[in-house]
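Below are the chains, spelled out letter by letter.
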Amino acid sequence: MAESFARQVQLRHLRCLVAVAQERHLAKAAARLALTQPAVSKTLSELEALAGTRLVERGVAGRRGVQGLSAAGEQLLAHALRVLEAIDAGAQALAPAAGAGPARLRIGALPSVAPALLPQALAQLRSRWPDLQITVRTGTNASLLDDLRAAELDLVAGRMSDPRLMEGLSFSLLYQEPLILVARAGHPLSRRRVPVQAVLRHPLVVYGQGTVPRHHTESFFASLGMALPAPTLQTQDVALARLVVLQSDAVWITPLGAARDDLVEKRMVRLRIDTAGTEEPVGLLLRTDAVPSAACDALAALLRSAAAALVAAPGRAVRKGRLET
């Protein structure tokens, strides 16, 4: 079987698998490959026949979405990516220097991590690599890890996940940050230590379902024998959340990094509510089967330096789940 597969598999089969894995939708994969949807389905069927097993878990009958790859599909995807990356690298090596495309770096970052960690590192990277094409994508941890595993991203600043999503990925710790409750400066709850029940008398801003901060928020309330109130503003948009908090009496339940600058500049205050046990590690995630580019290595080093500065600098440190001021 293995010899027959190696002899008969073609690049179009591998490109099709990669497109379907990345798009998770047959019609979108077809558009990306400039094929019809039936042609994509036929190519997938050919590949599965060659492999002797199902590679793609189809969605509900009558829909063109896919649920994901099977275990065998995930294994083949890793090899397919390496093959296609090697071909692309060979093409770039053969291309005349003047015609070669600019280097690119695709970064994924959690919305709660990006504001504190990325700006300075990206500015320093730009000064060293002025011609580098940089793309930053924010999203949920699960979606970012999916994109990283599918080679849609080169590096992710995020969190560890369940074993299935961590397969083929490495994680290196940058720091740990707690969940905190913050409000605008001058908020009625900012002047004294208050019970959590007092917070519930104000509008709450929380992260959306399926995110790590939301899970920790619900666990925090559950540890107190309480439930998260239903009437909340749910958003992953950090910019929107902070504006709502700065312009109202809403209380934002968020990882420390997302509110760090506002706390340092005293636009917001951290409410005196103990959130011990909500600490979550933040780190860099890379594919274990890919060799990082020089630009990716440079950014990783800059992000480690930025994280070390956050931990060490007065007024910005994260130590034992507290903001040192």
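Cut-offs applied
Throughout this document, residue positions are counted from 1 along each chain, in the order its sequence is written. In view of the model being predicted, local features appear only for residues whose pLDDT reaches at least 70, and side-chain atom pairs are presented and counted only at 80 or more, with totals across whole chains, interfaces and linings using the full set of residues. Side-chain descriptors were evaluated using all non-hydrogen atoms of the structure, hydrogens and water having been removed beforehand. Here a helix means four or more residues in a row that DSSP labels H or I, a strand means two or more in a row labelled E, and each is numbered from the N terminus. A helix is expected to span 1.5 Å for every residue after the first. In this scheme, a residue with accessible area under 20% of its type's maximum is buried, one over 50% is exposed, and one in between is partly exposed, where area comes from a 1.4 Å probe on protein chains only. We call two residues contacting when some pair of their heavy atoms lies within 4.5 Å. Distance and chemistry together define a polar contact, namely a pair of N or O atoms within 3.5 Å, with one atom able to donate a hydrogen and the other to accept it when in protein, and with adjacent residues in sequence counting only for side-chain atoms on both sides. Lines fitted to C-alpha atoms define the axes, with helix axes restricted to the stretch in contact, and inter-axis angles between N-to-C directions lie between 0 and 180 degrees. Our angle categories are set so that under 35 degrees counts as roughly parallel, over 145 as roughly antiparallel, 65 to 115 as roughly perpendicular, and the remainder as oblique. Residues are grouped as follows: Ala, Val, Leu, Ile, Met, Phe, Trp, Tyr, Cys and Pro are nonpolar; Asp, Glu, Lys and Arg are charged; every other residue, Gly included, is polar. Residues form patches when they are more than 30% accessible in relative terms and have no salt bridge. Like charges link within 9 Å. Nonpolar side chains (Val, Leu, Ile, Met, Phe, Trp, Tyr) link within 5 Å. The protein chains shown are the only cover counted for residues, whose accessible areas, like all others here, come from Shrake-Rupley with a 1.4 Å probe. Every case where a carboxyl oxygen of Asp or Glu lies within 4 Å of a side-chain nitrogen of Lys or Arg is listed as a salt bridge. Think of it this way: a Phe, Tyr or Trp ring, Trp meaning its six-membered ring, pairs with another when their centres are within 6.5 Å, and the plane angle makes it stacked under 30 degrees, edge-to-face over 60, tilted otherwise. We call a set of buried residues a nonpolar core when its members are Ala, Val, Leu, Ile, Met, Phe, Trp, Tyr or Cys and they connect through side-chain atoms within 4.5 Å of each other. When DSSP locates at least two bridges between a pair of strands, those strands are taken to pair.

Chemist: Would you mind going over helix H10 (residues 212-223) in detail, with residue names and values included?
Modeler: Taking 1.5 Å of rise per residue, 12 residues should cover 16 Å, and H10 covers 16 Å from first to last C-alpha, within 8% of that figure. Those residues of H10 lying buried are Val212, Pro213, Arg214, His216, Thr217, Phe220 and Phe221. In this structure, the buried side of H10 is in contact with strand S7 (179-184), helix H9 (196-199), strand S8 (204-206), strand S9 (233-234), strand S10 (251-255) and strand S12 (280-287). Taken from the residues just after H10, glycine 225 is the one with a positive phi, measuring 75°.

Chemist: Run through unusual backbone geometry, naming residues and quoting values.
Modeler: In this structure, arginine 24 is a non-glycine residue whose phi angle is positive, near 55°. Take arginine 24: it is sitting in the loop between helix H2 (11-23) and helix H3 (26-33). Even without being a glycine, alanine 34 presents a positive backbone phi close to 60°. Note on placement: alanine 34 falls in the loop between H3 and helix H4 (37-51). Residue alanine 34 is classed as exposed on the basis of its relative accessible area of 70%.

Chemist: An account of the side chain of arginine 214 is needed here, citing residue identities and associated values.
Modeler: Relative to the elements of secondary structure, arginine 214 occurs in helix H10. In this structure arginine 214 comes out as buried when scored by relative accessible area, which is 5%. Side chain to side chain, arginine 214 and glutamate 218 meet in a polar contact 2.9 Å long. Those residues in contact with arginine 214 that sit more than four places away from it in its chain are Val206, Tyr207, Gly208, Gln209, Leu228 and Gln234.

Chemist: Please set out the packing of H3 against H4 residue by residue, giving values where relevant.
Modeler: Pairs of packed helices are described in terms of their axes, by the angle between the two and the distance that separates them. Packing of H3 against H4 leaves a shortest axis separation of 8 Å and a crossing angle of 100°. On the basis of the axis angle, H3 is roughly perpendicular to H4. Counting all contacts with H3, which are made through Leu26, Ala27, Ala29, Ala30 and Leu33, the residues of H4 involved are Gln37, Val40, Ser41 and Leu44. Of the residues belonging to the contact of H3 with H4, the class tally is seven nonpolar, two polar and no charged.

Chemist: Mind laying out a nonpolar patch on the surface, listing which residues take part and the relevant values?
Modeler: Taken together, the side chains of Leu11, Val83 and Ile87 make up a nonpolar region of the molecular surface, amounting to roughly 200 Å² of accessible area. In this structure, leucine 11 sits in helix H2. A residue is classified by how much of its surface remains accessible, and leucine 11, at 37% relative accessible area, is partly exposed.

Chemist: Which residues make up the packing of aromatic side chains, and what values do they have?
Modeler: All told, the structure shown has one aromatic pair when counted by the stated rule. Ring geometry for phenylalanine 220 and phenylalanine 221: centres 5.6 Å apart, planes at 70°, overall edge-to-face. Classification of phenylalanine 221 as buried rests on a relative accessible area of 0%.

Chemist: Tell me about the nonpolar core, residues and numbers included.
Modeler: Counting residues in each nonpolar core, the largest one holds 38 residues, and the members touching the most others are Leu117, Leu155, Tyr175, Leu299 and Leu303. Among the secondary structure elements, those contributing two or more residues to this core are strand S3 (104-109), helix H6 (114-128), helix H7 (141-149), strand S5 (155-158), helix H8 (163-166), strand S6 (169-177), S12 and helix H13 (294-312). Here this core gets 10 residues from one element, more than from any other, and that element is H13. Once you skip the residues sitting within four places of it in the chain, leucine 299 turns out to touch Leu105, Ile107, Ala121, Leu122, Leu125 and Leu155. Within the second largest apolar cluster, 25 residues are counted, among which are Leu55, Val56, Leu81 and Leu84.

Chemist: Please give an account of the sheet that holds S8 that cites residues and values.
Modeler: Reading across the sheet, the five strands line up as S9-S8-S10-S7-S11 and stay open at both edges, with mixed pairing between neighbours. Pairing within the sheet leaves two strands with one partner each, and these edge strands are S9 and strand S11 (268-270). The pairing of S8 with S9 spans two bridges and is classified as parallel. The residue of S9 that forms the bridge with valine 205 is leucine 233. Across the sheet, helix H12 (residues 256-264) touches S7, S10 and S11, and the angle it forms with S10 is around 120°.

Chemist: Explain the pairing of S3 to me, using residue names and the numbers behind them.
Modeler: Of all six residues making up S3, five are buried, and the element is well covered by its neighbours. Of the pairings in the sheet, the one linking S3 to strand S4 (residues 133-138) comprises six bridges and is parallel in character. Bridging across to S4, alanine 109 finds its partner in threonine 138. The sheet contact formed by S3 and S5 spans three bridges and is parallel. Note that in S5 the partner of isoleucine 107 across the bridge is leucine 155.

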